[in-house]
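Descriptive analysis of the structure
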Amino acid sequence: GNYKMTNPILDENGWLNYPLIDGSYKPRLDFSNYEKMAVMLGNPHEFNGILVKNSDAVPLMENLVLTHLDHMLITARTGFGKTFLALSLIAELGWRDNTILYFLDPKHSDLASFGKFLGAGRYADDTKSINSILHNLVEIMQKRYEAMTKINDSEPGRFVGKTASAYGFDNIVIFFDEISAHLSADKSCLADLKQLMMLGRQAG
């Protein structure tokens, strides 16, 4: 009928059970088993049978958390759930008071519907606007880094190893959907992207 047979489960009596699921239900990602996940989130050193949660973690599912807001690249074939995962991250990060979101969507697709809620200068879907936002973000990161350096010079040792949040800055998160589509049309932003990669982690 409209049902699919899943992998068998061996019960305590030695029977193999083959659960059936409704064929109309098509989950985009399988979060039921850490080892089967196509995308590993967080710090794998913290996985020791369970995922260790902390106050800075971004919960995606009950047993799946993102433990650091570091650089992330999501790649997979069409239909594997890249956008679903990105939207899950957006939904969780959107609740945070200390996070500013930017959406860059050169293909005018999934992030386009969210752009109008972000306000001017925080969403772009054309080449010129995307490059402009990236350049502005580099300037923000540079100013932050300069401010952090001055603060650290005035209080040596206090902020060793700390990132921008410890200095009171909000986190800036950029969702760049289909980055390859943008680069295939215009590679002039590569210098700014590299700068963001270098400055972003330390400067938030």
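Along every chain, residues carry numbers that run from 1 in the direction the sequence is written. With the structure being a predicted model, the display of local features is reserved for residues of pLDDT at least 70 and the display and counting of side-chain atom pairs for 80 or more, all residues being used for whole-chain, interface and lining totals. In computing side-chain properties, one takes all heavy atoms of the structure into account and sets aside hydrogens as well as water.

Quick word on the sheet that holds strand S8 (residues 123–124)
- Note on pairing: DSSP must find at least two bridges between two strands before they are called paired. Only runs of H or I of at least four residues qualify as helices and only runs of E of at least two qualify as strands under DSSP, and these elements are numbered from the N terminus. In spatial order, the strands read S8-S7-S9; together these 3 strands make up an open sheet with parallel pairing. The two strands at the open ends of the sheet, each matched to only one other strand, are S8 and strand S9 (171–176).
- Across 6 bridges, the pairing between strand S7 (residues 99–104) and S9 is parallel. What sits directly across from Leu-104, in S9, is Phe-176.
- Two residues form a contact once any of their heavy atoms are found within 4.5 Å. What counts as an axis is a line fitted to C-alpha atoms, over the stretch in contact for a helix, and the angles between N-to-C directions run from 0 to 180 degrees. Helix H1 (residues 82–93) contacts S7 and S9 of the sheet and is inclined by roughly 155° relative to S9.
- Together, S7, S8 and S9 form the strand contacts of helix H3 (residues 127–154), whose direction differs from that of S9 by roughly 155°.

Describing the side chain of Asp-186
- One can find Asp-186 in the loop between helix H4 (179–185) and helix H5 (190–203).
- Relative accessibility thresholds used throughout: buried, under 20% of the residue-type maximum; exposed, over 50%; partly exposed, between the two (1.4 Å probe, protein chains only). Neither His nor the chain ends contribute to the count of charged residues, in which Lys and Arg are positive and Asp and Glu negative. When a carboxyl oxygen of Asp or Glu lies within 4 Å of a side-chain nitrogen of Lys or Arg, that pair is called a salt bridge. Nearest to the buried, unbridged Asp-186 among oppositely charged side chains is Lys-187, at 8.2 Å.
- A distance of 2.7 Å separates a polar atom in the side chain of Asp-186 from a polar atom in the side chain of Asn-131.
- What Asp-186 contacts, discounting residues up to four positions off in sequence, is Thr-127 and Asn-131. For this analysis, a polar contact is any N or O atom pair within 3.5 Å, provided that within protein one partner can donate a hydrogen and the other can accept it, and provided that sequence-adjacent residues contribute only side-chain to side-chain pairs.

Details of a nonpolar patch on the surface
- Only residues whose relative accessible area exceeds 30% and that form no salt bridge are eligible for patches; like-charged ones are grouped when within 9 Å, while nonpolar side chains (Val, Leu, Ile, Met, Phe, Trp, Tyr) are grouped when within 5 Å. We get accessible surface area from the Shrake-Rupley algorithm with a probe of 1.4 Å; when it comes to residues, only the shown protein chains can shield them. Among the surface-exposed residues, Met-5, Leu-10, Leu-16, Tyr-18 and Leu-20 lie close enough to one another that they form a single nonpolar patch of about 560 Å² accessible area.
- One can find Tyr-18 in the loop between strand S3 (16–17) and strand S4 (20–22).

Quick notes on H5
- Given a helix with a known number of residues, its expected span is that number minus one, times 1.5 Å. Taking 1.5 Å as the rise per residue, H5 with 14 residues should run 20 Å; its terminal C-alpha atoms sit 19 Å apart, in good agreement.
- A residue's bend is simply the angle between two axes: one fitted to the seven residues ending at it, one to the seven starting at it. A bend of about 30° at Met-197 is the largest found in H5.
- All buried positions along H5 are accounted for by Asp-192, Leu-193, Leu-196, Leu-199, Gly-200 and Ala-203.
- In the stretch just after H5, Gly-204 is the one whose phi turns positive, near 90°.

Comments concerning the packing of aromatic side chains
- Between the rings of Phe, Tyr and Trp (Trp by its six-membered ring), a pair exists once the centres lie within 6.5 Å; its type follows the angle of the planes, with under 30 degrees stacked, over 60 edge-to-face, and the other angles tilted. Enumeration over the complete set of coordinates arrives at 1 aromatic pair.
- Ring centres 5.9 Å apart and planes at 80° place the aromatic pair Phe-103 and Phe-175 in the edge-to-face group. Highlighted residues: Phe-103 in strand S7 and Phe-175 in strand S9, separated in sequence by 72 residues.
- Here Phe-103 falls in the buried class, since its relative accessible area comes to 2%.
- The exposure class of Phe-175 is buried, given its relative accessible area of 11%.

Purely geometric numbers; function is a separate question.
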